Amino acid sequence: MSILKAFAISFSFAAIVATGQDQVFRFGPPKGTVEVSPEIVKTADLRLSDAEKLIDQTLGSAVRSSKDFYCIIHVLRWKDNAVEVDKEKWFLYHNARWSDLQLAGNRIFGSRNLGLVYLHLNARGASTEDVRNFLEQRQLRHLVDRAIETDVTGLSQELLARKLVEIRVARGELVLTAQQRDELIGTLEKQPADSILERLRPFYETAERKASARDWALRLNNVAEGARLQEVIAPDWGDVNSSNGKSLSRTGGFQIETQYLNVSYRAEVSAKLPHMLKDLADLIFSGQAQATDESVKVQPVSLWGGGVMSVSSVPSDIKVEGSIQTSGAQPVAIGTKTYDNEGKYFWDVSAGIPLKSVKETTFESTSQTLAAREISRQSLYAMLNVLPMKVDTKSKRMGITPVLLVGIGVANRPLDRVIFAGGLGINQIQVFAGTAYTNKQFPGTAPGATVTARRTNLVFGLNIPLRQVLQKLRPE
């Protein structure tokens with residue numbers, strides 16, 4: 001086994017051990033509701049300022065401003081009155097300098113301090129206060145019905161009509177002479193009793209008559225005299241449905257249709273090698289209904305859930321999956337996204353391709369890079385790049401970056417070919433120049449004998465990412 005292969009195996013094993021074990025983070029049903037702009041509800045889209053505000057409202061500003069914090073955000077909009085995905089988008093927030101392009105990307109720069117927030121738009125629910133008011137009014141209506149039935153049982157239509165007129169006169173709604181009163185009663189008593197009773201109902205439902213309804217409730221329900229009206233008509237939270245005929249469950253300050261709450265998210269962290277070591281190893285070892293008395297009118301609400309993740313493995317891939325349990329046996333997927341969590345480095349590994357002239361190069365329009373016309377494993381150098389600052393070695397860098405290069409041959413006996421050089425360019429197109437030290441065989445003094453001597457020579461060429469070399473070397 002060559003020295004280079006032994007080095008690669010040893011380094012890879014040490015790196016795998018150092019990365020630690022994989023992790024799985026699980027997040028359950030929504031934790032509450034959150035106010036978002038109508039534009040976000042419509043488009044399910046976020047700007048940087050929107051993401052920042054959302055994190056502050058959910059995880060808190062202290063978490064958002066913590067050191068090297070990243071937050072994965074999943075925004076999902078449900079179809080109207082249906083647990084079906086209308087649209088869903090993923091975002092990645094960072095509390096340092098960040099762009100809109102990065103907000104829509106999947107690159108985390110080696111952080112262990114992560115958060116996950118999911119925002120589900122256009123769910124259906126009602127505020128707890130609205131539901132309480134509805135239930136109290138329903139209870140009160142039932143008591144009023146019983147009070148009316150008890151109060152007017154056996155009364156003739158004439159007496160019902162007279163009672164209605166007397167109530168309205170007493171309340172100042174009618175100012176009548178005795179003759180006018182008799183005439184009105186005479187007109188009303190010709191109407192059906194049910195119609196007259198319905199006209200009496202508002203009287204019992206007004207604030208002035210709540211005490212009377214309370215008195216009837218005390219008598220009918222055998223409640224102690226000292227009880228308050230609130231206690232008499234305490235709402236029955238277990239007996240209420242939404243206007244869509246769905247059961248409701250309390251979430252924060254809202255009662256939400258239960259079908260929107262069976263949500264779960266799973267974030268799986270998978271440790272991996274630094275990308276340059278993986279590339280080096282590949283090179284070496286290649287090959288809605290109407291509301292009724294029994295239902296609460298609901299409205300669109302925005303739900304959120306999630307939490308904080310302390311990631312132990314860097315670099316790693318983080319795969320986030322969301323699902324919801326519907327009427328079927330299996331959960332239904334509502335979104336998935338994988339994030340690349342790998343930091344910046346002072347070093348990199350590349351491939352050095354010696355050239356004899358510029359004619360041996362070509363410009364590839366598809367990748368917009370300068371490349372060698374032909375690549376031979378026999379002439380390749382595996383180059384260690386020492387950088388003057390930490391840089392993102394995985395993405396394109398447009399700035400000119402100088403680099404110190406130390407390389408050894410890839411094929412046969414690597415230490416027979418050593419190079420020290422300097423390089424300049426962006427990470428996709430770099431040129432280098434330096435001195436190569438090569439062991440060469442010469443005839444010895446004895447017949448048939450050879451001696452090995454190291455020779456130096458000036459060498460220049462291209463310093464390119466290993467991925468480009470691997471694509472060239474792989475068989476068609």
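Cut-offs and rules
- Residues numbered from 1 in each chain as written.
- Predicted model: local features only at pLDDT ≥ 70, side-chain atom pairs only at ≥ 80, totals over all residues.
- Heavy atoms only, no water.
- Phe/Tyr/Trp six-rings, centres within 6.5 Å; stacked < 30°, edge-to-face > 60°.
- Helix = DSSP H or I, 4+ residues; strand = E, 2+ residues; numbered from the N terminus.
- Buried < 20%, exposed > 50% of the residue type's maximum accessible area, 1.4 Å probe, protein only.
- Lys NZ or Arg CZ within 6 Å of the ring centre and 35° of its normal.
- Core = buried A, V, L, I, M, F, W, Y, C linked by side-chain atoms within 4.5 Å.
- Contact = heavy atoms within 4.5 Å.
- Pairing = 2+ DSSP bridges.
- Axes fitted to C-alpha atoms, helices over the stretch in contact; angles between N-to-C directions.
- Parallel < 35°, antiparallel > 145°, perpendicular 65-115°, else oblique.
- Left-handed = near helix turned anticlockwise from the far one by under 90°.
- Nonpolar A, V, L, I, M, F, W, Y, C, P; charged D, E, K, R; others polar.
- Expected span 1.5 Å × (residues − 1).
- Arc of directions from axis to C-beta.
- Polar contact = N/O pair within 3.5 Å; in protein donor to acceptor, adjacent residues only side chain to side chain.

Caption draft 1: Molecular detail of the packing of aromatic side chains. Inspection of every chain in the model, using the stated rule, returns 6 aromatic pairs. Considering the side-chain rings of tryptophan 98 and phenylalanine 109, the 6.5 Å spacing of their centres and the 85° angle between planes classify their relative orientation as edge-to-face. Within this pair, whereas tryptophan 98 is found in the loop between strand 4 (85-94) and helix 5 (100-103), its partner phenylalanine 109 is found in the loop between strand 5 (107-108) and strand 6 (113-127), the two being separated by 11 residues in sequence. A relative accessible area of 19% means that phenylalanine 109 is categorised as buried. Arranged with centres 5.9 Å apart and planes meeting at 65°, the rings of tyrosine 345 and tryptophan 347 form a pair that is edge-to-face. Overall, the relative accessible area of 25% leaves tryptophan 347 in the partly exposed class. A network of ring pairs unites the aromatic residues Tyr70, Trp98 and Phe109 as a single cluster. Across from the ring centre of phenylalanine 109, 5.1 Å away, lies the NZ or CZ of lysine 344, which sits over that ring. Above the face of the tyrosine 381 ring, arginine 417 is positioned so that its terminal group lies 4.3 Å from the ring centre.

Caption draft 2: Spotlight on the nonpolar core. In terms of nonpolar packing, the biggest core is built from 52 residues, with Ile72, Ile73, Tyr265, Ile318 and Val320 touching the most fellow members. Residue contributions to this core peak at 8 residues, all from strand 3 (residues 69-78). Those residues within four positions of isoleucine 72 in sequence are excluded, and the remaining contacts are Trp90, Phe91, Leu92, Gly115, Leu116, Val117, Met309, Ile318, Val320 and Tyr339.

Caption draft 3: Quick peek at the pairing of strand 13 (residues 316-324). Pairing analysis gives 9 bridges linking strand 10 (residues 263-271) to strand 13, with the strands arranged antiparallel. Its bridge partner lying in strand 13, arginine 266 is registered against glutamate 321. Bridge analysis of strand 13 against strand 14 (residues 332-341) gives 9 bridges, and the strand direction is antiparallel. Looking at strand 14, one finds that lysine 319 is bridged to threonine 338.

Caption draft 4: Main features of the sheet that holds strand 20 (residues 417-425). Strand order in the closed barrel formed by 6 strands is 15-18-19-20-21-22, and the pairing between neighbours is antiparallel. Averaged over all pairs of adjacent strands, the angle between their axes in this sheet comes to 30°, without regard to strand direction. Inspection of the sheet shows strand 15 (residues 345-355) paired to strand 18 (residues 381-391) by 7 bridges, in the antiparallel sense. Of the residues in strand 18, the one forming a bridge with tryptophan 347 is valine 386.

Caption draft 5: Structural view of the packing of helix 7 (residues 157-170) against helix 8 (residues 178-188). At their nearest, the axes of helix 7 and helix 8 sit 8 Å apart, and the two run at 130° to each other. One finds that helix 7 runs oblique with respect to helix 8. Helix 7 and helix 8 meet at a crossing whose hand is right-handed. For the pair helix 7 and helix 8, the contacting residues are Glu158, Ala161, Arg162, Leu164, Val165 and Val169 in the first and Arg181, Asp182, Leu184, Ile185 and Leu188 in the second. Class assignment of the residues belonging to the contact of helix 7 with helix 8 gives a composition of 7 nonpolar, no polar and 4 charged.

Caption draft 6: Molecular detail of helix 7. With 14 residues, helix 7 extends 20 Å from end C-alpha to end C-alpha; this agrees with the ideal 20 Å at 1.5 Å per step. Residues of helix 7 that are buried include every one of Leu160, Ala161, Leu164, Val165 and Ile167, and no others. Down the axis of helix 7, the smallest arc covering the buried residues is 160°, so these residues share one side. Among the residues trailing helix 7, glycine 172 stands out with phi positive, at a value near 80°.

Caption draft 7: Structural detail: the side chain of asparagine 341. Turning to its location among the elements, asparagine 341 is positioned in strand 14. A polar side-chain atom of asparagine 341 sits 3.1 Å from the main-chain amide nitrogen of glycine 110. Among the polar contacts made by the side chain of asparagine 341, one reaches the main-chain carbonyl oxygen of serine 111 at a distance of 2.9 Å. Once residues within four sequence positions are removed from consideration, asparagine 341 is found in contact with Ile108, Phe109, Gly110, Ser111, Leu114, Val311, Ser313, Val314, Pro315, Ser316 and Ile318.

Caption draft 8: View of unusual backbone geometry. Here the amide bond leading from valine 314 into proline 315 is cis, since omega sits at 5°, within 30 degrees of zero. Phi at aspartate 68 takes a positive value of approximately 55°, unusual for a residue other than glycine. Within the fold, aspartate 68 resides in the loop between helix 4 (61-64) and strand 3. Unusually for a residue other than glycine, asparagine 81 sits at a positive phi of about 55°. Here asparagine 81 falls in the partly exposed class, since its relative accessible area comes to 24%.

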